[in-house]
Structure formats: structure tokens, C-alpha cells
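# Architecture and fold: a report
Okay, here's what each chain looks like letter by letter:
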Amino acid sequence: MRRLLFSLAAPVAAFALTVVISTIALWAFGSNPLEAYGDMVSHASKLETQVDILNRATPFYLSAVAAAIGFRMNLFNIGVEGQYLFAFLIAAQIGGLISLPQVLHILVIMIVAMVVGALYAGIAGVLKTTRGVNEVVSTIMLNSIAVSGLMAWLQRRWQADQGDNFTSTTLGTNPIDDSGLLPNVNGLLEVFTRDIGLGKELTGMLLVAVLVGIGYHVLLNRTRFGFDLRASGINPFAARAGGVPPKRMVVAAMLLSGGVAGLIGMVQLADVGKFPPDPIQGLGFAGIAVALLGRNHPAGMAFSAVLFAFLDVSSGVLDSTGAASREIATIMQGIVLLTAVVAYGVMSRVRERDEARATAEALLAEDTLVAA
Amino acid sequence: MSTAIELVGITKRFPGVVANDAVDLRVTAGEIHAICGENGAGKSTLMKILYGMQAPDEGTMRVNGTEVSFASPTDAIDAGIGMVHQHFMLADQLTVLENLILGAEPTKAGGRLDFASAEADLQRVAADYGLDVDLHEVVERLEVGERQRVEIIKVLYRGAEILILDEPTAVLVPQEVEALFENMRELKASGATILFIDHKLDEVLEIADTISVLRHGKMVSTLANEGVTASELAELMVGSELPTPDTAESTVTNVVALEVTNVTVLSEDRRPLVDNVSLQIHQGEILGIAGVEGNGQSELVDAIIGTERVNDGSISLHGDEITSWSVRERRTAGVGYVPEDRHHEGLLLTSPLWENAALGHQNTAPYGSKWFINRDGARQQTELIREQFDVRTPNIDVAAHALSGGNQQKLIVGRELTSNPSLLIAAHPTRGIDVGAQAAVWDQIRQARSNGLATLLISADLDELIGLSDTIVVMFRGKLVARLSPSAVTPRDLGGYMTGAQTQTLTEAAL
């Protein structure tokens, strides 16, 4: 009971604080806070918007899990961004070149994406273990190499043959056959509710993300590898003395993190069927924030991915209704992150003290019992 | 001669231990005063109090006759006291000059740094005290001895006239020690007062004017360095009475469990930390290693557990050569490990107790297997440890940091002994825990020994070492210098070997 109270206190406090600060911000910018909140909530209660939110939350979540795998062992993989974009490009190109039966085609594309992401992240892992290069520095540099170097070069090389009908829609890699595209899961929604209008499609990657989340939970809490990983994150010296090979763990964690990162681009791939000239960028960095807000916890990150997606989607709404400027959503994301970090920090200290006191009291009570 | 420092009745308590117990110390101005004592005797605490890093619980301090109370090192510096720490606090990428003025930069108009005047000042300080150093060299490129000189100049530049040197020779090679002593004599000639911590008695006898010996937090003696012998000092440090060894029947067998052959471990700068060490431990035997800390014991332990690479020599366990095995392979093969610092290498402080119990055994039953963690098995085993080893905790889900030190230690000893090791490496297994818990841990180790466990025991606690060991070897400067029988050892011998005042010939030692 006490434990539940503690784990809820921080998010509730963070949420309350966020609302207070956001209200002040809105008011300071000359908007009506109540009106803005009203627009956000009423818009989010529409099914179409909810589909948008989930579609947006899916890559956020995958990205957060990728970052969290590193965070759990104090490894800062800032390179999720480069890993997913590079994996996305390679997987799309290969998927466009081959033709296979449906399930197989999809699997091949996804596996390619994961392997590419893993290998690209692995570079940073190997650099760290063999040369002592800090992974923050190497992954940031690898981001630049992926985005401004490899992607810029390969995109031009792999531009699909446009024939006579040259339009902006023909830009990008060779389109992948339908057999290689993950179908949407609108069927899931139809179980609960009416048909979806406005041509909205709920991404099939949502299911993949759920599986990744479950896999992350099982890996961390039930497997020996997960135990080793967490132990290395909490106390690398104790882990090493306990038989955990530190270097191998670094490489393994980077590979795993990059592998999950490789899946991020699959959301857009299922949607557009190729590597577009303007892929969605920034998901890797957003994932870091989502993981931070979700405390690297599988369910916590799901919640925070949805929250970030909701704020993202709301920015468009606020813009169109004129209740507030769209940047307020980004500001809110920042505020919620900051308040959460502070609230969690305070709570963990309070909890630590409480636990120490409870332990001491329990022992004292035991002693008096024995004495009596 | 006037008195530079006078401490009267200084007492400092930490939970469960009195680090300084009514210590009196008088340091005459212009002398070199050595503070000796074993690890844990309270030397560092006393120096920290004098330098304002810690406040005493009781007692008064007078510097140059005025009563002082320091809230921070800044106050101590203002009073003319400077301290050179064992671990240097220099910025490697800056030049000597930049390091020296860091935090006390002279400025010209407009806040620009006045390097010219700083350089002139420093040249003068260096010349006054006969300290030679290139001001424009980058610290990174300096030898250890030179870095130490930079630290000393830094302290002098801040206006210190009383210098505290914390084990200044610990990091130096012999030639550098000579140079340091030369510098210390120059400093003394220029009127500085030097207070330094050391436990190498030959060095103390060479340089000090006065020697103070601390033991168990108490000031045992302060004597002038005239006609004192190393043996007498060693006896003062160790104490005149040694505990009687455990009289229980010997359980030593003929079966060799661990064999270490000519093992050498080098530091990064290729100095031997463990120097050609060979030893054997039989099943049912406890081999105790005595020695002042920092003489290679930790590195030897690391080499056996596998966290430190062996540069030369071999290690075998039950006849298997394990020199190139990973830590995990060694532990799975039955090596139990009680690390010297439970917070550093022993525990996951924020994790629940049952996870801490699994640490080191997570790949073996009942805690888990090659691939999975067995939560139920791990929890049951933790309950067992809690019961058998009397770990006082409300439940096994509290985080390890919530437990007292003694209970944390019992958990560690418990997890290692219940996993049926064939070799136990126990480094300071009862450090910092109360008497009751200590006796419990000793009993458990004795019991395991009678079941055939081979134990390597490292300890600074002579009660523990003599009370538990079947054989005692002494480690000094990376070498095993003596092999002693716990029932026949005298304080003078033990102290002598530990401090290098005495050495056995190799044949006598028969290692």
C-alpha cells in the first residue's frame, strides 16, 4: 500500500505541477488556458485523433525502449536517431528490390532493419570497449555520419527510376510491393467501435511495439542477461566481481538497443511503402525524453509515449482553433519532463529515507519483542 | 621552540566506531613530525580534523597558540595549514603554472589573468624552498614525484607554513622518495613545519624529528627520533599483546585447492604491485595475509578472482589452470568472494535483498540458470540466508542500503557460504561491523573450514587474522616476506615484517 502510494505520488505531483506551469505559460502568452485545455481534450476524445495519437506514440515507444536498454546499464545511446534512419533506408531499399510471399517479405524487411540498427549501434559499443571512446561522443558523431553522410549519398544513388511521370510523389527509394507492407490493425478497433472514418489507419507496428515492450520486461526482469544488465547499471564494480563481463555487456546492450531502434522507421515504412525523401526525423531524440519520463519502465514509457503523442497532436489542434500557438505543446513536453525528473528525484530520496526508517523500526520492534 | 599545533582531547565518533579517542598532539614549529599507525588507527581522521574537513566531537585545537575551530579547509588555509593529499588534485591538461594559480588567480585591470606576476611569485616560492619544477610544462607529462612537488608548491603559494602530507611516499618509487625527503629537509630549513603520515618505519626513522604513534584511535606515544628502533615502533603500532589463536583442531588436509605460482601484477606504469608471489591453500585451511594496506593484497585478490590481469605466473584451482578464465568461469567453478569494500564491489545498494543475494550466483541454482533468473528459488534461498546468518531485516524486498553495515556484511558472507564454494576469498570480512556480527561471521567461516573450505583471508584486524588463520603470511611491497605460525608469532615480529623493519630470508620463509 505504502509502496503504491510512493510510486503514484511522483507522477501525480509532476502532472499537477505541469498543469500549473503550463497554465501560467498560456496565460502569459495571452491565451485562455481553459479554452486551450478544452480544445485539446475535446479533440482527443475523437476516435480519429486517438488513432493519430497511437500512430505517433508507437515510434516514440520503440525509440524509448531502445534508449532505455542503454540507460538501464548507464550507457547513453544518443545514436538511436542515426540508427533508425539508416536502418530504415537500408531495409526499404532491400525490401523494394526483392519480392517474396507476404509474411516472409515483411519479416525479411524487419530483420534487416534490426540487424542494420544493431550493427550501426554496435560500432559505438566496440569503440567504447576497445578504444575507450565515450559512447555519447561516438553515437552523436555516428548520427551525423548516418544522416548527413550515408543517407544523403545513398538516397541519391537509390532514387527510384521515375520514368516520364516525374512528380514529387515518385521521389524516394523503389516502392515496396504490398506483400512487404505491414497491414494496419483497424480490425482491432472495429471490435470495440464503429468503422473508422476519414481514412485513418491504425499502424500494425502498434502490435510490434507491444511485443517489444513485453520482451523488454521479460528480458530485464526474468533473464540472467537482464539481471547482468541491471547489475552493471547499478554498480559496475559489484557486477564485475559477480562475474558479469563488462565489455561484452556494453557491446550486447548497444546491439540490442540498436536492434530495437531499427524498428522505429518501420512505422513510416508501413505507411508510405518506401524510404521517402523526407523521412520523419527527431524520433530518436524524442525517445530519450520519453524513456526519461517513463523511468525506463515498460508501462511507464508506454504512458509517456502516449502523453508525448497527445501533446504533439494537440499542437496542430491549438493552431487550427486559434486557442493558443502550436509551440505551447512543445513547451508542455519540456515542462512535464522537467517536473517529472524533479519529482522522481525528490520521491526516491523520501522513499529511501522511509525505507531505512521502516527497517530500523521493524528491527527495534523485533528486539523489544525478544526482550519481553 | 614554539608550538605550531596543539591538539587536546580530540575525539571523533562515527556510527559504531571511535576514530579518535581523546587524542593529544603537540607539534613544535619547524620540525618534521611523523604520525604512524596501522590502517584504521585514526591517522587520516585526525589529519582531516586538523585540515577542517571534519569537525571533532570533542576537544580543542590551537594553531600557533591561538585556539581555532575550522568549519572548512578554507579556514585551515587561512590559519596557515595546507594539506597535500595522497591522490593529487591537479588538472592534467593545464600547465604547472595554471594549476598552481587555479582558484587564487592574480588579476590585472579588467579581470585579465596576471601570469607574469604569478610566475614571479611562484619562482620566488620555489626558490625559497628549493623546489625545482618547470612552470610551463603540462601536468600530464610530469612524473609522479614532480606532480607531488607541484602540490607542495601550490600549498606554499597559498601561504601555508604548516604542511600536512598524507602518505606522501605511498605513490613514489625509491629515488623519488629520496628527492621528496631532500625537499622536506629544505622546507624545514626554510622554517616550515611538516606533519606527515607514513607507516613505512625505515622512512619515518630517516626523516622525522618526532614520531607519534596511534593505535585504535588512541595516541599511544610521542617520542623523539633518537635511538628509537624500527622494532620498538612496530611494537607500539601493533600493540604489546596479541590475541590467542583459536585452539580448535586443525582441519588442514593435504589436498591443494588453490595454487598461485610466481604471480606478478604490474601497475599501469609497469611497477610491480604483486611481485612474484607464490602460495598454496589446502582444503580445510585458512591462509591469512597480514600487511599494511596498499602492499599488493588487493591486487593479489583481484588476480585470483579474475578482475585483474596477471602479467606473469599462473593460478590453478583444484588442478585446473584458471589464469585465463573469466570471473564468471571462476565463480561458477566454486570461488566465493567477500570483497574488501561491500559498497564498492559487494552490493547493488538500490536493489532488493534477494537480488543482492543472487549477485555472483545468478547463473547457478537456486538463483537461476544459464538463461533465466529463478525468482522463487532466489527468494527462498535469500530467506534461508536471512535465517542462518541472522540478517536483521523486516523482509527480503527492502533495498540493500536500508540495512546496517553489519547486516549487509552478513548477507554477503551468507550468500557466498551458502553457495558451497570450494575456495573463499575473504577480504576484511568483518570490517566496520559490530562485535556480535563479527563473532557470527567468524563462526560461519570456521564451520565452513571444517567442511573442507579453503580460505584466503586478508585482514588488518589482528584478532581476526590470528584467531582464524592456520597459517599467516606477510605481504610487504608486493612480496610475501614472511610465513608465520599464528600460535608462535610475536607482536614485534609481525609488526616488523609488516612495516619492512624486518625480513625473513627466502630459505627461512620457505614459501
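Here the structure is a predicted model, which means the values were calculated and not measured.

## Structural notes on the domain arrangement of chain B
Here chain B is partitioned into domain 1 (3–228), domain 2 (241–334 + 422–428 + 453–511) and domain 3 (335–419). Here the C-alpha centre of domain 3 of chain B lies 42 Å away from the C-alpha centre of domain 1 of chain B.

## Describing the sheet that holds strand β13 (residues 286–290) of chain B
Residues and elements named next belong to chain B. Within the open sheet, the six strands sit side by side as β16-β17-β18-β13-β19-β20. Their pairing is mixed. Only two strands of the sheet have a single neighbouring strand rather than two, namely β16 (335–338) and β20 (479–484). Direction aside, the axes of adjacent strands within the sheet are offset by 20° on average. The pairing of β13 with strand β18 (residues 454–458) spans four bridges and is classified as parallel.

## Brief notes about the interface of chain B and chain A
Contacts between the two partners involve 35 residues from chain B and, on the opposite side, 29 residues from chain A. Roughly 2,700 Å² of surface becomes buried between chain B and chain A when both sides are summed, with 56% attributable to carbon and sulfur atoms. Remark: the boundary between chain B and chain A carries two salt bridges. Between the two partners, chain B and chain A, sit 13 residue pairs in polar contact (both at pLDDT 80 or more). Residue contributions to the side of chain B that touches chain A peak at four residues, all from helix α11 (residues 342–346) of chain B.

## Things to note about the domain arrangement of chain A
Residues and elements named next belong to chain A. When the domains of chain A are assigned, the result is domain 1 (1–31 + 325–372) and domain 2 (59–321). Where domain 1 touches domain 2, the interface holds one salt bridge. A salt bridge links R326 to D319, with the nearest nitrogen and oxygen atoms 3.4 Å apart. Across the domain 1-domain 2 interface, the total number found is three residue pairs in polar contact (both at pLDDT 80 or more). Within the side of domain 1 that touches domain 2, the residues separate by chemical class into eight nonpolar, two polar and one charged.

## A closer look at the environment of P183 of chain A
Residues and elements named next belong to chain A. Summarising the element assignment, P183 is placed in the loop between α6 (135–157) and α7 (186–192). A residue is classified by how much of its surface remains accessible, and P183, at 47% relative accessible area, is partly exposed. With 39 residues separating them in the primary sequence, P183 and R222 have C-alpha atoms 32 Å apart. In this structure, P183 is in contact with Q102, I106 and G204, ignoring residues within four places of it in sequence.

## With respect to the packing of aromatic side chains
The tally for this structure, following the rule as stated, stands at four aromatic pairs over all chains. With 5.2 Å between their ring centres and 55° between their planes, F71 of chain A and F76 of chain A make a pair best called tilted. Judged by relative accessible area, F76 of chain A falls into the partly exposed class, the value being 38%. With a centroid separation of 5.1 Å and 50° between ring planes, the pair formed by F86 of chain A and Y120 of chain A is classed as tilted. One end of the pair, F86 of chain A, is in helix α4 (residues 80–97); the other, Y120 of chain A, is in helix α5 (residues 102–131), and 34 residues separate them in sequence. Accessibility expressed as a relative area gives 14% for F86 of chain A, which makes it buried. Since its relative accessible area comes to 6%, Y120 of chain A is described here as buried. Here R295 of chain A stacks its cationic end above the ring of Y344 of chain A, 4.4 Å away from the centre of that ring. The lysine or arginine in question, K370 of chain B, covers the ring of W371 of chain B, its NZ or CZ lying 4.7 Å from the ring centre.

## Some thoughts on empty space enclosed by the protein
All names here are of chain A. Summed over the entire model, instances satisfying the criterion amount to two cavities of 30 Å³ or more. Of the volumes computed, that of the largest cavity is approximately 60 Å³. Lining the largest cavity, in full, are I106, I109, M110, G180, L181, L182, M266, L269 and A270. Breaking the lining of the largest cavity down by element, the ones donating at least two residues are α5 and α11 (246–272). Residues of the lining of the largest cavity, tallied by class, amount to eight nonpolar, one polar and no charged. Approximately 40 Å³ is the volume attributed to the second largest cavity. Residue composition of the lining of the second largest cavity, by class: two nonpolar, five polar and two charged.

## Digging into the pairing of strand β9 (residues 210–215) of chain B
All names here are of chain B. Burial of β9 is extensive: five of the six residues sit out of reach of the surface. With four bridges joining them, strand β3 (residues 32–36) and β9 adopt parallel strand pairing. Directly across from H33, in β9, lies its bridge partner T210. The pairing of β9 with strand β10 (residues 218–224) spans six bridges and is classified as antiparallel. Looking at the pairing, R215 lines up with K218 of β10. Hairpin geometry of β9 and β10 is characterised by an intervening segment of two residues between the two adjacent antiparallel strands and by a positive phi of about 50° at H216.

## A few points about helix α8 (residues 205–222) of chain A
The terminal C-alpha atoms of α8 of chain A, which comprises 18 residues, lie 25 Å apart, in line with the 26 Å expected from a rise of 1.5 Å per residue. Listed as buried for α8 of chain A are M205, L206, V208, A209, V212, G213, Y216, L220 and N221 of chain A. The secondary structure elements touched by the buried residues of α8 of chain A are α3 (47–71), α5, α9 (224–234), α11 and α13 (298–321) of chain A together with α13 (375–388) of chain B.

## Some points on the packing of α8 of chain A against α11 of chain A
Residue and element names in this part refer to chain A. Where α8 meets α11, the closest approach of the two axes is 10 Å, and the angle between their N-to-C directions is 165°. Comparing the axis directions of α8 and α11 gives the class roughly antiparallel. Remark: the crossing between α8 and α11 carries left-handed chirality. Mapping the contact onto sequence places M205, V208, V212 and L219 in α8 and L256, V260, L263, M266 and V267 in α11.

## Details of the side chain of H361 of chain B
Residues and elements named next belong to chain B. Position of H361 relative to the elements: it lies in the loop between α12 (353–358) and α13. What makes H361 buried here is its relative accessible area of 6%. For H361, the residues in contact, after removing those within four places along its chain, are R331, Y367, R415, E416 and S419.

About the cut-offs
Residues numbered from 1 in each chain as written. Chains lettered and ligands numbered in written order. Predicted model: local features only at pLDDT ≥ 70, side-chain atom pairs only at ≥ 80, totals over all residues. Heavy atoms only, no water. Domains from an automatic or database assignment. Pairing = 2+ DSSP bridges. Helix = DSSP H or I, 4+ residues; strand = E, 2+ residues; numbered from the N terminus. Axes fitted to C-alpha atoms, helices over the stretch in contact; angles between N-to-C directions. Contact = heavy atoms within 4.5 Å. Buried area = accessible area lost by both parts, 1.4 Å probe. Salt bridge = Lys/Arg side-chain N within 4 Å of Asp/Glu carboxyl O. Polar contact = N/O pair within 3.5 Å; in protein donor to acceptor, adjacent residues only side chain to side chain. Nonpolar A, V, L, I, M, F, W, Y, C, P; charged D, E, K, R; others polar. Buried < 20%, exposed > 50% of the residue type's maximum accessible area, 1.4 Å probe, protein only. Phe/Tyr/Trp six-rings, centres within 6.5 Å; stacked < 30°, edge-to-face > 60°. Lys NZ or Arg CZ within 6 Å of the ring centre and 35° of its normal. 1 Å grid on protein atoms, 1.4 Å probe; cavity = no way out; pocket = protein on both sides within 12 Å on 5 of 7 lines; lining within 4 Å. Points joined across faces, edges and corners; volume = space filled by probe spheres on them. Expected span 1.5 Å × (residues − 1). Parallel < 35°, antiparallel > 145°, perpendicular 65-115°, else oblique. Left-handed = near helix turned anticlockwise from the far one by under 90°.

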